[in-house]
Protein chains: 4
Amino acid sequence: VLSGKEFFVFDLVLEQIQFADQKQEFNKRPTKIGRRSLSRSISQSSTDSYGSDSSDDETSPRDKQQKNSKGNGDFCIKNIKQADFGRREIEIAEQEMPALMALRKRAQGEKPLAGAKVVGCTHITAQTAVLMETLTALGAQCRWAACNIYSTQNEVAAALAEGGFSVFAWKGESEDDFWWCIDRCVNLEGWQPNMILDDGGDLTHWIYKKYPNMFKKIKGIVEESVTGVHRLYQLSKAGKLCVPAMNVNDSVTKQKFDNLYCCRESILDGLKRTTDVMFGGKQVVVCGYGEVGKGCCAALKAMGSIVYVTEIDPICALQACMDGFRLVKLNEVIRQVDIVITCTGNKNVVVREYLDRMKNGCIVCNMGHSNTEIDVASLRTPELTWERVRSQVDHVIWPDGKRIVLLAEGRLLNLSCSTVPTFVLSITATTQALALIELYNAPEGRYKQDVYLLPKKMDEYVASLHLPTFDAHLTELSDEQAKYLGLNKNGPFKPNYYR
Amino acid sequence: VLSGKEFFVFDLVLEQIQFADQKQEFNKRPTKIGRRSLSRSISQSSTDSYGSDSSDDETSPRDKQQKNSKGNGDFCIKNIKQADFGRREIEIAEQEMPALMALRKRAQGEKPLAGAKVVGCTHITAQTAVLMETLTALGAQCRWAACNIYSTQNEVAAALAEGGFSVFAWKGESEDDFWWCIDRCVNLEGWQPNMILDDGGDLTHWIYKKYPNMFKKIKGIVEESVTGVHRLYQLSKAGKLCVPAMNVNDSVTKQKFDNLYCCRESILDGLKRTTDVMFGGKQVVVCGYGEVGKGCCAALKAMGSIVYVTEIDPICALQACMDGFRLVKLNEVIRQVDIVITCTGNKNVVVREYLDRMKNGCIVCNMGHSNTEIDVASLRTPELTWERVRSQVDHVIWPDGKRIVLLAEGRLLNLSCSTVPTFVLSITATTQALALIELYNAPEGRYKQDVYLLPKKMDEYVASLHLPTFDAHLTELSDEQAKYLGLNKNGPFKPNYYR
Amino acid sequence: VLSGKEFFVFDLVLEQIQFADQKQEFNKRPTKIGRRSLSRSISQSSTDSYGSDSSDDETSPRDKQQKNSKGNGDFCIKNIKQADFGRREIEIAEQEMPALMALRKRAQGEKPLAGAKVVGCTHITAQTAVLMETLTALGAQCRWAACNIYSTQNEVAAALAEGGFSVFAWKGESEDDFWWCIDRCVNLEGWQPNMILDDGGDLTHWIYKKYPNMFKKIKGIVEESVTGVHRLYQLSKAGKLCVPAMNVNDSVTKQKFDNLYCCRESILDGLKRTTDVMFGGKQVVVCGYGEVGKGCCAALKAMGSIVYVTEIDPICALQACMDGFRLVKLNEVIRQVDIVITCTGNKNVVVREYLDRMKNGCIVCNMGHSNTEIDVASLRTPELTWERVRSQVDHVIWPDGKRIVLLAEGRLLNLSCSTVPTFVLSITATTQALALIELYNAPEGRYKQDVYLLPKKMDEYVASLHLPTFDAHLTELSDEQAKYLGLNKNGPFKPNYYR
Amino acid sequence: VLSGKEFFVFDLVLEQIQFADQKQEFNKRPTKIGRRSLSRSISQSSTDSYGSDSSDDETSPRDKQQKNSKGNGDFCIKNIKQADFGRREIEIAEQEMPALMALRKRAQGEKPLAGAKVVGCTHITAQTAVLMETLTALGAQCRWAACNIYSTQNEVAAALAEGGFSVFAWKGESEDDFWWCIDRCVNLEGWQPNMILDDGGDLTHWIYKKYPNMFKKIKGIVEESVTGVHRLYQLSKAGKLCVPAMNVNDSVTKQKFDNLYCCRESILDGLKRTTDVMFGGKQVVVCGYGEVGKGCCAALKAMGSIVYVTEIDPICALQACMDGFRLVKLNEVIRQVDIVITCTGNKNVVVREYLDRMKNGCIVCNMGHSNTEIDVASLRTPELTWERVRSQVDHVIWPDGKRIVLLAEGRLLNLSCSTVPTFVLSITATTQALALIELYNAPEGRYKQDVYLLPKKMDEYVASLHLPTFDAHLTELSDEQAKYLGLNKNGPFKPNYYR
C-alpha cells in the first residue's frame, strides 16, 4: 500500500493539471457533469420502457404520508406502488452485475461491513440498488439520497423503500428538495453515519457545513466523481480534510471502461440515435486524443469514416499518427468535415469562428468532460436561428441558410443521447464497495487525513470479479515464476502507475 | 447493352436459386418484407420528431373533402395542414440526395421524361418526395400510392398534395384503403399511365387484374423489391410479362449499400437502441456470411466482440476463415454465445432446440430477408412466458427463469429497430429515376417483354453521382490507357457480372 | 452445369473488357508475368535455404547422360543426386496441401484419371510435384516441362525424376533449352497425350504449331494464367480452338486468394523485406481499388498508415469511400505521400511527371498485373542516377539529390520480393486437378470447342477441401431448408456469377 | 521538473516489481538481450546490402597500424577504406532521423554540450553515427566503443574514424577485444570523460571497477537498456551510485515505440521472413497482453488470424476481452493453435508439456524480453531430432514425425528475424541526446546520486521533434485555455505517470 506522502505528491500534480478555476467554482452549486452515471432507463432515447410512471400526481412527495407494506415510513419517494416494477428492474440489473453478486456470496460467512453505517448520495438507479443491497448483505446499514435532481428512477426508489431502505429521492426534485433529501438522509435522531459514499461531493459538503462534528465518527469517504474528487483534493490541500478519502474515479479499471471502451461504443450510439447519420465515407475531426478520443477515433475508423485528430500534447499526437490519423489543426479541415467531436477537457475548442466556417449540415457534438468545449453561447446571437428538430438536436441556421446540427446543446453526447452499459456501472459499483470495505477495515494508521487511490491489488480484484462475464480464464503464476518476477502470486502484478 | 437472351439465362439461374415456394406465395398478399425502405422518421425508435401529427382525428381520409390551397382536390391524405412541416422534411432530405438534385439541374435543358405519365407505389417518405419532384422536373406527370399501410409520412403526403401531386396515402390504412388508394391512383378518366414504378409488385398486380389493357400504352415497369422482382420473373417465365421490366433491386451499387455497408452500421444501431448491450468482449454467432453477414461481422469485430460464423456455402465459409472468424456449426457455440444474429435468407435457422440451449440473457435477432429465420412460432408454447420489456423487445422466460431477449419478434432488426440513412435511399431513388429514363427512351427493340438489370454503365453513373458527397475525385482514363484496356473512356469499366 | 452458350456470352464480355492490343501481342514471346506462381524457395529474399545446389557444374543438362536409380533415363534435369533433398521439400509441401492429399485418398477406389496421358508445362516446384504425384495417384501418366526458364527447383525436379516422372526442366534454361524441353515432353515415339495442363500457353502453342494432329486425341486443355487464357479466348474467337479448354484462372476461390487475401499479406511483406519501412503514420496512395487494391489498403490501414485511393470506376470508388479511404487524383497527393503502390492493371499510371514531383525517399512499387503501370523507361535518362542498394531495390537520384526508392524495377512486388503461401498454391493445384478430371470424364457434348469456367459446384468443392485446414465446420442444409431455397443440398449454393 | 524524492519513491516500486533474481545476475556477464537496438543493416535477413566488406582480412584490428586520411590514428576499426560506403549509410540514416538534425540546427547558436567529454558504449551503427555527430555539433567530444561483439557496422566505424572520432569497435570482437576496446575508449592520457552514455552497463561497470576516481568528474550517466537500468537501480539501492543517472529506457515515447508500435509490425515481418506462413485463418495464442502482446494481437487480428490471449494480470486480461480476444489458459488451446507467441517477460511459459501437445507444424516464437519464455532446453533430449531448415528456423521432430517450427531458438524474434525501423532508433537517440544535455546542464542539486526518468517535458519534446516526419500539425493552447487547464502553454501537458 502506498504511503500518504506519495499520494500527496500525486495530488499536487493532479490539481495543477486538471483543476483550474478553483475559486470561482468552489462555492457554486456543483455542475454535476461527470462523464456519466446515468443508467439505461434514464436515457432520453430509451424512454419507452413499459411501466414507467405516467401517474402525473402533482403532489410533492414531501407532502405525502408514506409507508411501505411493513408499515415503515422512514423514506420519501414518489410512489410506493411502483415497487414491483422497480424490483424487476433491479433483478435484471443483478444479472449483469455478477461481481456484486459474487461479493454477496462471499459475505455469507464474514460480514466485512458489520457495524458500518453508510450514508450515500448517488444516482438512484437499478444498478445503485444492487450496490445498496450488496452493502446490506455485507453487514452495513444504508441511508440514501439522490445526487442529481433528474436521474432518480422512481420505481427503483419505490422498490428500495419497500425493501426497508431509507431512501429520499424522486425524479424532478427542486433544488430545495435536493438539500432537504440529503438532510433527511443524514440527520436522524439516534443514528450517526460512519461511512460516506458520495458522487459529486454534495453530501460531504453538507455534512461539513451543517454537522462537522459528525466527522468524528466517520471512518472515511468514498468519492466517485471528478468534481467531488477535486473538492477533496482542495480540502486536503487546505488542511481541512479530517478523514481519509478514497478517490475511486481514477482507478485503472474504471478509467479504461468509462473512457476508452465505453466511448468507443457510445459515440456511434449517440450519433445514430440523434441524427441517423451514415458513418461510411464521412470526414470527421476529433479534437483530443486521450482515452475518450482514442475510443471515438477507433470506432469511427472501423465504420469507414475518415478521421482527423487535433492535439496539444506531442505524445498523444504521435500516438494518433501511429494509429493512422492525420494530425491537423482545426482550421485546416473545418471547412470540409461532416462531423466535429470534442474530447479535450478544455474550453472554447470549437469557437464561433470555426462554426462560421463549417459546411452546411455539419454535426457538432461534445464527448469531453463538460459543456465548455463548444462555445455554444456564441451561437445565441440574433442573426442565427435555432430550430429544435428532435429532443437533443438543434439546427442552428445561418442567414444564408447553412445549418449546423448541434447535439445536446454542447453537453456530453454520451450522457444525453446514449446509455451507459450496466457492465460499466458494475465496475464502478464494485470499486465503490471495495473502497468502503478497505476504509472501514483498514488498521489504524494505514490511511491518514488525505485522499487515496484504491490500492492496485483491489483494482485488480475488481477486474478479476468481472472476468467470468466473458468466460475468461486467468493464468496463475507458478511459485517459480512468481519468484522470478519478484511478484506475489496473488498480485499486485503491476506497479501502481501502470495504466 | 446486354441482350435479352443474356438476361434470360441469368433469370433462370436467379429463379432457380432464390425463389422457391412459388405457388404458395403467388396468390398471397405480399409480405412486404424487403430489406428496407423505411426512412428516418418512420423508425420506431425515432418517433419523437417534433411536429408529427398528434391530431387524432378519427375520420377516415376517404370520407373527407380535401383541397389544397390552389383548390386542387385530386388527392387523398390525412391532413393538408401539415404541408409546411412536410415541406421542411423534404428540404432536409434534398440536402442528402445530391444525385437527384444533380439530375434536376441537368434536366433544365432537356426533359428526358417529357410526356411520361408515371404511376408509383412506394413508401411515401421525404426521400420519395424528392424522387417524385425530380421526376416532375425531368418532365413526367406522377400519381402515387403507398406500398405499405403503415409507412406513410402524413406530413410529407400533405406537402406533396399541396405541391400539386395526386397522392393517395396515409399512415394506418386498412387493407381496403390500401387497394382503394392504388385504384384511385391508376383509374382516372382521361389519363393513362405509360410508366410504372413499383415497390412490392402490388400496383403491377392490380393493373394486371383490373386494367390489363393499360399495358398497351405502358413502356415499362421499374421494380425495386425482392418480392416484386420475384413476381416479375415468374410472369416472364410464364410468358405473361407483356412489357419490359427493370430489376433495380440487383444493381451492384444498391446491393452493396443495402447489404454490406448499411448493415455494418445498422446491426450496431439496432442492438443498442433495443438492448443497450455493450459489444466489447461479447461472444456472438452470425449465421450466414453473405453481404449482410459480412457487414455484421466486420462491425462487431471492430467493437471488440468475439464472432463465430456459420455457413452452408464453402466459398463464403472460406472467406469467413480468411477474415478471421471461427467457422462453426450452431450447436457448437449455442450454449456460450451472448448474441445470435441470423442473416441467411433461409428458414428455421434458429429452432427451438437451439433456443432451449441458449444461456440466460442471450439476445436473438434477425438481419436476414424475412421473419422465417428464427422459429418464433416454436416459442409460443404454454410453458414459456413472454414479457414485453420495451417496444420491439420481448423476454421469453423458461420455467427455470432463463430469459431469452427476442428482438422485433424475429422480424428484420434493421427495419424494425434502426433506420436507413438517406444516403442509401438516395442511391435507390437515383437508380429508379435512371431506370425510368432508360426504359422510357430506349429505342424500339432494345428491351423485350422480359426482366432486365440496369445496364452496368447506368449503375456506374448512379455511383458517380454520389461521389461528390464524399468530395471524392475520380480519375479519368487517358485515350492511350482506354485503348490499352479496350475500354470506352466513359465506361462501363467492368463486365456486367462484376460485383 | 452451365451450358456452352452461357459461357460464350460470358466470353465475349470478357474479351471485350480485358484483352486489348491483341494483334501486337499474339505473335510475341509471352511475357509470363502472371500474378504469381513462385513458391517459397524461389523468392529472392528467401535464398538461404540449406541444401540448395551450389555445385556450379557448367555442363548443360542436355549434354549429360542421365539415369535414375532404377535405370530410367527418360528425363532431363540438373542433378539427380539432389533427389533426397527435393523429396523432403515435397513432403513438407504435402503437409500444407491437404486438399490434394484428400483427393489421393478418395482415388484409392476409383481412378478418375485412369488412361489419362497428361502433358504439363508449369513452374516446377515442390507444390507442382505434389500435384503431379496426385494426378498419378488418380490414374494419370504425366510428362512435364517448365513454363519459366528461371523458376525450376532443381532438387524437386531431381526427386520427380528419381520417382519415375519424365521431367525436362532446370533452373537457368536458355530460350532454346526451353522449347527443347517442351518438345521432349510432347514428342515421344509411341506415346500421345490426351490432356494438356498449361500455364502461359506455350505448351499449347507449341503443339498447335508443330503437332496439330495431336489435338485429335486431346480431350481438353486446362490453363491457369491470364496470358494463356487470353490466347485461348482469341483462338476461340477466331474459330481455331479445336478442343474444350478450362479457364481455371477466373474461378472465384482462386481469384479471391490470389488477389484479395494474398495481397493483403504480401504488400506488407514485400515492402518490409526490401525497405524495412515503418508503416505507422506513413501516407500511402494506392492506385486502383479492385481486389488487389482492396487487400493492400486494408493491410496498410490496419498497420496505421493513412491511405489514399485513386480509381477510374465509380463503383469501386464509392466502395473505397465507404471503406474509409479518401478518393483522390494522383496529382493531389503525389507531393506528400511516402509510398506509391499501383494495382490497376493499366499502363502508365505513374508517369515521369509524377515521379518528378514525389518527395525525397518516396517508395514506388507495383502490385498490378504487369510491369507497365510505372513508366520505368522514363527514368532511364541521363540526368538521373540509378543506384542499386539491395537486390530488387534501386535508388533513382535526381540532380538535386532527391531519391526515389524503386522496387523490383516496377515489376510485381509480390512476385519479386515476397512469397506465395503454399496454401494459395494448394487452391490453384486442386482447381487444376479437378478441371482435368471434369474435362476428362465429361460426357460427350457437355463441352464444345470453347473456353469454360470451372463449374460453380467444383469451385465450391475446392473451397470445401480447404476448410479442414482451419478446423472449419460447414453447416448442412436440412431437406426442408434446401427445398425452401430451391437448392440441392450439395450445392451449388450460389449462381455462377456470384463473387 | 520533478523532485528527487518523487523519483525515489518511484524507483522503489519499479525495483520491487521488475527486477528479481538480483544476486544471481549481478556478477554475471550481461546477457545483452535488450528488446532491440539492431539497425537495418545488421538484420540477418537483410544481409544482401551491396558494398559490405567481403575482404576477409584475418589480421586482428588490434594488430594493425591504423590512420585516417588526416593522419589521425586514435581509433581501432576493421578497415578505414570502407569509410566512403559508411558515409553513405550515415547520410541515408540522417534522412530518417530528422529530430537529431533539428537539434544540430538549433545548436548553431548555443552549444549546450560545450565542454562535455562523452564516452559511449552502444551498438555502432549508422544511426549511432548520426547521434555521435550530433553530440559533436552540440559541442561535445566523443570516444566510443561497441556494446555488442557482433553488432558493429564496420563501414560506419570506418566513416566515423575517418571523420575524426575515436572509435574502438569491429564486427566479431572476442570477449577480450570487447573489454580492450572499452578500456582504450576510457583510458587516455590527459583526457577525462565527464559524461557516460551506456547501453547495457558494461562501460559503467568497467569504470567502477578500474577507474572509480573518474566518477569525481563525471556529471552523469545516461543508460538505455533494461539490463543497464536494472544495474543502476541496484547500485542506487546499495548506496553505491555516486553520480546521477538517467533511465531513458522507461520514457513514454520510447516505450510505446519499442513495444506497441514496433512489435505490431515486427511480429508479421519476423514470421513471414522465417516461415512464409499465411496469417489469414490461422489460430494463434499470444501469451501476455502488455504493450508487446497488444501490438502482436492487433496486427494478427487485422490480418485475419483468430487470436487467443493468456494473462496473469486481471486488468490486462479484461482489456484483452474488451479488445475482442478470448482469454484462455494455454492448455485449453495448445492442441489447436497454429502459432504460439510469448510476450510475458516471464520464464517457462511454454514448457515441454505444452510442446508435446502442440499439433504438427505449429510455429513457436518469442517476442518477450529474453530467451527464458520458451523452455528450449527441454527440447534438447535424445528422442527429439533438430533439423535446421533455414537460418533462425529449426524443425524439432518428435518420434511420431510431428514437427514443431521453432524460431530463433526461442530468442527474440524481432531482434533475430526482423529489423528495427530507423524511426524508432531515432526516438531513442534523440532521447539519449536530450538526457545528456539535461544532466550536463542541470543546476547544482537538481539531480542527486540516484536514477531518474527523463522529465516529462523532455519526453514531450522528443515526440514533438518527430511530428514533422508525419507532416503532423500540433495545436497550441491559447493563453485562456492554458489558464483554464492550469498548464504552461509549452507543457508538460500530462502528469508524469501518464502513459
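Bear in mind the structure is a predicted one, so any value in this text is a computation, not a measurement. (Residues numbered from 1 in each chain as written. Chains lettered and ligands numbered in written order. Predicted model: local features only at pLDDT ≥ 70, side-chain atom pairs only at ≥ 80, totals over all residues.)

As for helix α10 (residues 252-275) of chain B
Residues and elements named next belong to chain B.
Piece 1. With 24 residues, α10 extends 33 Å from end C-alpha to end C-alpha; this agrees with the ideal 34 Å at 1.5 Å per step.
Piece 2. The largest bend in α10 is about 55°, located at C263.
Piece 3. Within α10, 23 of the 24 residues are buried, which leaves it mostly tucked inside the rest of the structure.
Piece 4. One or two residues past the end of α10 sits D276, with phi positive at roughly 55°. (Helix = DSSP H or I, 4+ residues; strand = E, 2+ residues; numbered from the N terminus. Expected span 1.5 Å × (residues − 1). Bend = angle between axes of the 7 residues up to and from the residue. Buried ≥ 20, exposed ≤ 12 C-beta atoms within 10 Å, placed from the backbone.)

A short note on the UniProt feature "binding site: substrate" (unreviewed entry) in chain A
Residue and element names in this part refer to chain A.
Piece 1. Taking the numbering used here, the UniProt-annotated feature "binding site: substrate" (unreviewed entry) corresponds to T125, D199, E224, K254 and D258.
Piece 2. Owing to 27 C-beta atoms within 10 Å, E224 belongs among the buried residues under this scheme.
Piece 3. For E224, the residues in contact, after removing those within four places along its chain, are D199, V248, N249, T428 and Q432.
Piece 4. Mapped onto the secondary structure, D258 falls in helix α10 (residues 252-275).
Piece 5. Owing to 25 C-beta atoms within 10 Å, D258 belongs among the buried residues under this scheme. (UniProt positions renumbered as here; feature names shortened; annotations may be inferred. Contact = placed C-beta atoms within 7 Å.)

Some words on the packing of helix α5 (residues 126-137) of chain C against helix α16 (residues 422-441) of chain C
Residue and element names in this part refer to chain C.
Piece 1. With their axes 10 Å apart at the nearest point, α5 and α16 run at an angle of 30° to one another. With respect to α16, the axis of α5 lies roughly parallel. Helix-helix and strand crossings are classified by hand; for α5 and α16 the assignment is right-handed. Residues Q127, V130, L131, T134 and L135 of α5 form the contact with α16, whose own contacting residues are T422, L425, A429, Q432, A433 and L436.
Piece 2. Residues belonging to the contact of α5 with α16 are distributed by class as follows: 7 nonpolar, 4 polar and no charged. (Axes fitted to C-alpha atoms, helices over the stretch in contact; angles between N-to-C directions. Parallel < 35°, antiparallel > 145°, perpendicular 65-115°, else oblique. Left-handed = near helix turned anticlockwise from the far one by under 90°. Nonpolar A, V, L, I, M, F, W, Y, C, P; charged D, E, K, R; others polar.)

Brief notes about the relation of the copies chain B and chain C
Piece 1. Under the fitted operation, chain B is carried onto chain C by 0.0 Å of movement along the axis and a turn of 180°, and the coordinates agree to an RMSD of 0.1 Å. Overall, the copies show the geometry of a two-fold rotation axis.
Piece 2. Looking at chain B, 100% of its interface residues are interface residues in chain C too, so the copies touch through the same face. (Least-squares fit on C-alpha atoms with pLDDT ≥ 70 in both.)

Considerations on the nonpolar core
Piece 1. With 636 residues, the main nonpolar core has L436 of chain A, L436 of chain B, L436 of chain C together with L436 of chain D as its most contacted residues.
Piece 2. Residue contacts for L436 of chain B: discarding those within four places in its chain leaves L113, V118, L135, M195, L197 and V222 of chain B. (Core = buried A, V, L, I, M, F, W, Y, C linked by C-beta atoms within 7 Å.)

Description of the interface of chain B and chain C
Piece 1. Counting residues at the interface gives 58 residues for chain B and 58 residues for chain C.
Piece 2. Looking at the side of chain B that touches chain C, the elements that each hand over two or more residues are α1 (4-18), α10, α12 (314-322), α13 (330-333), α17 (456-466) and α18 (479-485) of chain B.
Piece 3. Ranked by residue count, the leading element in the side of chain B that touches chain C is α12 of chain B, at 7 residues.
Piece 4. Each residue belonging to the side of chain B that touches chain C can be placed in one class, and the counts come to 30 nonpolar, 13 polar and 15 charged.

A short note on the relation of the copies chain A and chain B
Each of the two copies of the chain can be brought onto the other by a rotation about an axis and a shift along it.
Piece 1. Note on the copies: chain A fits chain B at an RMSD of 0.1 Å, the axial shift is 0.0 Å, and the rotation between them is 180°.
Piece 2. Comparing interface residues between copies, 100% of those in chain A also sit at the interface in chain B, which points to an isologous, same-surface contact.

With respect to helix α11 (residues 291-302) of chain D
Residues and elements named next belong to chain D.
Piece 1. Given a rise of 1.5 Å per residue, 12 residues ought to cover 16 Å, and the 17 Å separating the end C-alpha atoms of α11 matches this to within 8%.
Piece 2. The buried count for α11 comes to 11 of 12 residues, which makes it a mostly enclosed element.
Piece 3. When we look at burial in α11, the residues that qualify are E291, V292, G293, K294, G295, C296, C297, A298, A299, L300 and K301.
Piece 4. The inward-facing, buried residues of α11 contact α10 (252-275), β7 (283-287), β8 (306-310) and β10 (339-342).

A few points about the sheet that holds strand β2 (residues 141-146) of chain C
Residues and elements named next belong to chain C.
Piece 1. Taken in spatial order, the 7 strands make up an open sheet running β3-β2-β1-β4-β5-β6-β15, and their pairing is parallel. Edge positions in the sheet fall to β3 (166-168) and β15 (451-453), since each of these pairs with one other strand and no more. Adjacent strand axes in the sheet meet at a mean angle of 20°, parallel and antiparallel pairs treated alike.
Piece 2. Taken together, the 3 bridges between strand β5 (residues 220-223) and strand β6 (residues 245-247) define a ladder with parallel strand orientation. Following the sheet pairing, I221 is matched in β6 by A245.
Piece 3. Against the sheet, helix α7 (residues 175-186) engages β1 (117-122), β2 and β3, with an angle of about 170° to β2.
Piece 4. Against the sheet, α16 makes contact with β1, β4 (195-198), β5 and β6, and its axis sits at roughly 165° relative to β5, the strand it touches most. (Pairing = 2+ DSSP bridges.)

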